Every structure is written in C-alpha cells, then in structure tokens.
Amino acid sequence: MLVGGIVGWEEGQDDLFNPQSPRNRDDCLEPFRVLQAKAAEQGIELHTLDVLQQKGIAPNFTLYVEAVPFSPIENCKNYLIRFETELTVPINGDADYLNQFDGIFTWDQALLNTNSSDSLNQRTALVPKFPIVYPNVLPAQFRVNEIINPGFTNRNLFCVLIGSNRHANLPDARELYSERVKVIRWFESYAPKDFALFGNGWLVPQKRLGNLGKWRYRLEKVLPFLLGQSVFPSYQGSAKNKFEVLAKARFCICFENAKDIPGYVTEKLFDSLFAGCVPIYWGEPNIQNMVPSSCFIDFRQFLIGPDPYRDLYQYISKMTEQDYIAYQEAGKQFLASSAFRPYSSEAFADAILGPLQL
C-alpha cells in the first residue's frame, strides 16, 4: 500500500477530509474527500502529513496544496498541486521553488505545453507536469436537468458580485481585482438599486499592492469614518451560502483573479450556472472552447466601447425573459452533459491519482 501526506493545510489533523470542518464553506473540501476515497479504492492511504508523523508512518509521496516552504523527506516523492496563478501566489512563479518537486499538477497551459516558449516552462523543463482542472462542487440543492428559479420569477436580486476584497501580489496588467472594484463603483454610482455586493473584507477600502497602495488604503479609510458612511454602500455582508444568493440573482459578475491566462478557470462561472444565474464572465481567453458561449455573457464584448459597464448594464437591463431563459437552458444542458465532467471532483481525483501509480 502506498501512503501519501497532504502538506499545506494549516489545520492538519485530517481536517481537509472533514465535511464538518468550519472551513468547508459551500462544501469546498469535497474534492479532497473524493480524492481520499478514490485513493483508498486503489490501495493508497491519504492523510494530512501531521497525522502520518504522529503515527510514525513515512509517506511514499506528499502532495503540497498550498505554497508552503518545501521540506524534503527521505525516500519520498513530492508533488505540487498548483491551484493559483503567480499573481496571487508569487512563489508559484518561482522556478527554484517549482524545481524542487518530482511533479507538478496544474491547469496552466503555458506549463503543460512542452513546446511553449514561456520562460517559466523552460526554466522548469525537467519537472514533469500533469494536467488538472479546477474542481467544482455540485451544491446539495442542485438537480441535473432542472433549472432553479427559471426566468425572472423569484430572482429579486438583479446583479450581484460575490468575492473578497483583495489585491494581486505582483504588479501585472492581467490582474482583475481592480476591475471588480470598478464595476462595483459603477453600479453604486449609476444603478445602486440593481446591484448587491457579497463577500469578505468590504467594510474597508480597496486593498492595494505595495507601500504606496497601503498609504492610499489608509487615507481612503478616513473620510467614510468621519462621515459615518459605508465604504461600499452596496455591501450586503458575507454570503453564508453562495447558492442561496445566486438562486435569487439574475446576473453575477464573475471576473477571475486574472485574465488572459490559458487554462485558468475557477469556480466563479460554475457557481452561477449551478444556481441558474447568468454569469458575466471575464478571465480565461478561450473560455468559449471550454464552456458554451450560450451559457454566459462574455464581458469582453463590451470592452470596445468607451464605457463598458454602462454598455453591459444596458444589455442586461433590456434582456427579455425569453432570452434570459435561453441562457439558463444552455447552462442546464451543459451541466448535464459529458462536457462538464472534467470540472468535477471525480475528474480532479482521477487526474491526481493517475501519475501517482507510475
């Protein structure tokens, strides 16, 4: 039997596999429970590394799930599951760090393409790369071949954004954290009754990178405090359950943390589709080749004009209920098809376990 240790989950104690964990928001840990169960079926025992160490068991391999310092173990293979871009987790773009691993699981097409001229690819050429897709968890309320709240009925929230107030950790024109703030501010200025903001960290101003950004952040806190005003008037608090919010919303702003990075697609678009909410998407440059364009609104079509947010608002506010249901129907058909399986927890687990058998 092979034994594997998960490195990087700060709580340890197999909390990563615990459905009752307080960190299992929206059942986000399901992919790792599926991974552990499928591993057991194949004769592989999987725990967080601290559990193995407490039992005095030496792992045959480790899986790093966060960008934590590398700590080699004798006679043990080490793999990295590279979930985020280097814009958010800078060490994920550090060749010296990546070269310490025996293999890297990634969605990043620039790293997976052996003929790529990408600098990081070339500097890590000797490290095997294995393709994965960001896994997406089907909510308990989701039903295949069924649209939640079809049409405009019971969708009293016109447009929402669910996300945290953060910033990129590297200066890069591809970051979209600041674009989320721009769309929030546009709605608050021009269509405040048609927008609601959910997530964490929005009681304070926009988070910014660098020392200058920190000073600007501090200054921007002063005036709202003195006037007793909300920094983001559209803020409705954290979404305790994303599905419940999205099932009441017609549209959702689904901007990735970064744009124009082939392969980088996270849960944002899928969360909306699960709830029958129409996503307004910006991120992966070839998203239409992964998810049918009939399922979502591609925000890039509005970038050609001088005021893309105004043009977007005009488009969605004039949409007929019939056209809206067409988006919902396309989303339903995609989620029920085999084209969705690569984005499932089961596919994620299979992608990880395959190379571990070698």
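The structure contained in this document is the topic of the report that follows. (Residues numbered from 1 in each chain as written. Predicted model: local features only at pLDDT ≥ 70, side-chain atom pairs only at ≥ 80, totals over all residues. Heavy atoms only, no water.)

**Concerning the pattern of salt bridges**
Part 1 of the argument: Counted by the stated rule, this structure contains 16 salt bridges.
Part 2 of the argument: Across the pair Glu86 and Arg174 runs a salt bridge, and its minimum N-O distance is 3.9 Å. Of this pair, Glu86 sits in the loop between β4 (77-82) and α3 (95-98) while Arg174 sits in the loop between β7 (157-162) and α6 (177-190), placing them 88 residues apart in sequence.
Part 3 of the argument: Across the pair Lys182 and Glu179 runs a salt bridge, and its minimum N-O distance is 3.3 Å. Of this pair, Lys182 and Glu179 both sit in helix α6, separated by three residues, roughly a single helical turn.
Part 4 of the argument: A relative accessible area of 16% means that Glu179 is categorised as buried.
Part 5 of the argument: Connected through salt bridges with shared partners, the residues Arg82, Glu86, Asp108, Asp172 and Arg174 form a single ionic network. (Salt bridge = Lys/Arg side-chain N within 4 Å of Asp/Glu carboxyl O. Helix = DSSP H or I, 4+ residues; strand = E, 2+ residues; numbered from the N terminus. Buried < 20%, exposed > 50% of the residue type's maximum accessible area, 1.4 Å probe, protein only.)

**Description of α6**
Part 1 of the argument: In a regular helix each residue adds 1.5 Å, so 14 residues correspond to 20 Å; α6 covers 21 Å between its end C-alpha atoms and thus fits that length.
Part 2 of the argument: Considered for burial, the residues of α6 that qualify are Tyr177, Glu179, Arg180, Val181, Val183, Ile184, Trp186, Phe187 and Glu188.
Part 3 of the argument: Residues of α6 that are buried sit in contact with β7, β8 (195-198), β9 (249-255), α9 (268-274), β10 (278-282) and α10 (308-317). (Expected span 1.5 Å × (residues − 1). Contact = heavy atoms within 4.5 Å.)

**Details of the packing of α6 against α10**
Part 1 of the argument: Put simply, α6 and α10 touch, their axes get as near as 10 Å, and they point 60 degrees apart. Two packed elements cross with a definite hand, and for α6 against α10 that hand is right-handed. Between α6 and α10, the contacting residues are Glu179, Lys182, Val183, Trp186 and Phe187 on the first element and Tyr309, Arg310, Tyr313 and Ile316 on the second.
Part 2 of the argument: Taken together, the residues of the contact of α6 with α10 sort by class into six nonpolar, no polar and three charged. (Axes fitted to C-alpha atoms, helices over the stretch in contact; angles between N-to-C directions. Left-handed = near helix turned anticlockwise from the far one by under 90°. Nonpolar A, V, L, I, M, F, W, Y, C, P; charged D, E, K, R; others polar.)

**So, the nonpolar core**
Part 1 of the argument: Membership of the largest hydrophobic core comes to 32 residues, with the highest contact counts inside it found for Phe187, Phe251, Ile253, Ile280 and Ile297.
Part 2 of the argument: Secondary structure elements with two or more residues in this core: β7, α6, β8, β9, β10, α10 and α11 (321-336).
Part 3 of the argument: In terms of residue count, α6 provides more of this core than any other element does, five residues in total.
Part 4 of the argument: Leave out the neighbours within four places in its chain, and Phe187 touches Cys159, Pro192, Asp194, Phe195, Tyr313 and Ile316.
Part 5 of the argument: Among the nonpolar cores identified, the runner-up in size contains 31 residues, and Ala196, Ala239, Leu269 and Leu273 belong to it. (Core = buried A, V, L, I, M, F, W, Y, C linked by side-chain atoms within 4.5 Å.)

**Quick look at the packing of aromatic side chains**
Part 1 of the argument: For the structure shown, the criterion picks out 36 aromatic pairs.
Part 2 of the argument: Taken together, a centroid distance of 5.2 Å and an interplanar angle of 55 degrees make the contact between Phe152 and Tyr324 tilted. On the criterion of sequence distance, the pair formed by Phe152 in the loop between β6 (129-131) and β7 and Tyr324 in helix α11 is long-range, its members being 172 residues apart.
Part 3 of the argument: We classify Tyr324 as buried; its relative accessible area is 0%.
Part 4 of the argument: What links up through ring pairs into an aromatic cluster is the set Phe152, Phe158, Trp186, Phe187, Tyr190, Phe195, Phe251, Tyr313 and Tyr324.
Part 5 of the argument: The ring of Trp107 has Arg82 sitting right over it, with the charged end atom 5.8 Å from the ring centre.
Part 6 of the argument: We note Arg250 situated over the ring of Phe152; from NZ or CZ to the ring centre the distance is 3.8 Å. (Phe/Tyr/Trp six-rings, centres within 6.5 Å; stacked < 30°, edge-to-face > 60°. Lys NZ or Arg CZ within 6 Å of the ring centre and 35° of its normal.)

**Examining the sheet that holds β7**
Part 1 of the argument: Strand order in the open sheet formed by five strands is β8-β7-β9-β10-β11, and the pairing between neighbours is parallel. Both outer strands of the open sheet, β8 and β11 (297-298), are each paired with one neighbouring strand and no more.
Part 2 of the argument: As paired strands, β9 and β10 are joined by five bridges and run parallel to one another. For Phe255, the partnering residue across the bridge sits in β10 and is Trp282. (Pairing = 2+ DSSP bridges.)

**Some details on the pairing of β8**
Walk down a regular strand and you will see the side chains alternate between the two sheet faces.
Part 1 of the argument: Side chains Phe195 and Leu197 project from β8 onto one buried face, and the interleaved Ala196 and Phe198 project onto a second face that is buried too.
Part 2 of the argument: Looking at chain direction, β7 and β8 are connected through four bridges and run parallel. If you follow Cys159 over to β8, its bridge partner there is Phe195.
Part 3 of the argument: On the question of chirality, the crossover connecting β7 to the parallel β8 by way of α6 is right-handed. (Right-handed = clockwise from strand over helix to strand, strands pointing away.)

**A word on the sheet that holds strand β2 (residues 44-48)**
Part 1 of the argument: Pairing in this open sheet of six strands is parallel, and the strands run β2-β1-β3-β4-β5-β6 from one edge to the other. Since the sheet does not close on itself, it has two edges, and those belong to β2 and β6, each with one partner. With strand direction ignored, the average angle separating the axes of adjacent strands in the sheet is 25 degrees.
Part 2 of the argument: Where strand β1 (residues 2-7) and β2 come together, five bridges link them in parallel fashion.

**Some thoughts on the side chain of Thr124**
Part 1 of the argument: Looking at where Thr124 falls in the secondary structure, it is placed in the loop between α5 (119-123) and β6.
Part 2 of the argument: Using a relative accessible area of 0% as the deciding quantity, one classes Thr124 as buried.
Part 3 of the argument: Within the structure, the side chain of Thr124 is placed 2.7 Å from the backbone oxygen of Leu120, a separation counted as a polar contact. (Polar contact = N/O pair within 3.5 Å; in protein donor to acceptor, adjacent residues only side chain to side chain.)

Just distances and angles here, no functional claims.
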